[in-house]
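Observations on the three-dimensional arrangement
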Amino acid sequence: MDEANDFLSMSEVLGRRYSPERMEDERFGKRPDLLVVDGGKPQLTAAIEQLEELGLDIPVCGLAKSDEEVFVPWDETPIVLPSGSASLYLIKQVRDESHRFAITFHRELRDKAMTVSVLDEIPGVGPKRKRAIMRHFGSLKRLRAASPEEIAEVKGVPASVATDIWRELRAWDEERASVAAKA
């Protein structure tokens, strides 16, 4: 991801999280004492600008992973915490925990997205057949490359359903290609 996308992503996330509606909602907790953003000067700048736009005065710093540098708004030169120091250990733990949380969240989204697929739209393909088909092919990409005869090799999938699956996948691929061409 390039810095421009990081900048936009940072603004979007902070705009949603610290919107006036969310700040008033007790379920989102209190206003933080410090906001540590993942990234260097560009991400820090994006965070500060978004918070200013929201009218929030929350102290912010950025942590760049490459050299474990801490960026602060009042200095162009990053702070390099001493190796082995308690402060470096703490800030690394905060960063690593946020990464773990984000990775877990994205895995859950991916797993949820995998339970809903183009196969759900095909008559004759219920949860059991869908599971058998996905187990057999291992991925939607490999299923899309299969012929109707190869799909029919899956135990419990009749030839007529295999043909319907193949046709639906062709239509789905064509639709995706059409959308991509317009973009």
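Preceding this section is the structure that the text describes.
Description of the structure in this document. (Residues numbered from 1 in each chain as written. Predicted model: local features only at pLDDT ≥ 70, side-chain atom pairs only at ≥ 80, totals over all residues. Heavy atoms only, no water.)

1. With respect to the overall build of the protein chain
Assigned secondary structure in the protein chain consists of 8 helices and 4 strands. Across the protein chain, helices and strands are ordered from the amino to the carboxyl terminus as α-α-β-α-β-β-β-α-α-α-α-α. For the protein chain, whose C-alpha radius of gyration is 24 Å, the value lies well above the compact-globule estimate of 16 Å for 183 residues. Along the three orthogonal principal directions, the C-alpha set of the protein chain runs to about 70 × 40 × 35 Å. Burial analysis of the protein chain (183 residues in total) assigns 30% to the buried set. Considering only residue pairs separated by 6 or more positions, the protein chain has 51% of its internal contacts joining residues 24 or more positions apart. Total accessible area computed for the protein chain in this model is approximately 12600 Å², and 56% of it derives from carbon and sulfur atoms. Once the 27 positive and 33 negative side-chain charges of the protein chain are each reduced to a mean point, those two points are 10 Å apart. (Helix = DSSP H or I, 4+ residues; strand = E, 2+ residues; numbered from the N terminus. Rg over C-alpha atoms; globule rule 2.2 N^0.38 Å. Buried < 20%, exposed > 50% of the residue type's maximum accessible area, 1.4 Å probe, protein only. Contact = heavy atoms within 4.5 Å. Areas by Shrake-Rupley, 256 points an atom, 1.4 Å probe, with all protein chains shown as cover. Lys, Arg positive; Asp, Glu negative; His and termini not counted. Charge placed at Lys NZ, Arg CZ, Asp CG, Glu CD.)

2. Notes on the pairing of strand β3 (residues 69-72)
What you see with β3 is no split at all: Glu-69 and Phe-71 on one side and Val-70 and Val-72 on the other are buried throughout. Where strand β2 (residues 60-64) and β3 come together, 3 bridges link them in antiparallel fashion. From the neighbouring strand, Leu-63 faces β3, where its bridge partner is Val-70. The pairing of β3 with strand β4 (residues 75-80) spans 3 bridges and is classified as antiparallel. (Pairing = 2+ DSSP bridges.)

3. Some details on the sheet that holds β2
Taking strand neighbours across the sheet as the criterion, the 4 strands line up as β1-β2-β3-β4 in an open arrangement whose pairing is mixed. The sheet is open, and its two edges are formed by β1 (35-38) and β4, each paired on a single side. Averaged over all pairs of adjacent strands, the angle between their axes in this sheet comes to 30 degrees, without regard to strand direction. Of the strands in this sheet, β1, β2, β3 and β4 touch helix α3 (residues 41-53), which is tilted by about 160 degrees from β2. (Axes fitted to C-alpha atoms, helices over the stretch in contact; angles between N-to-C directions.)

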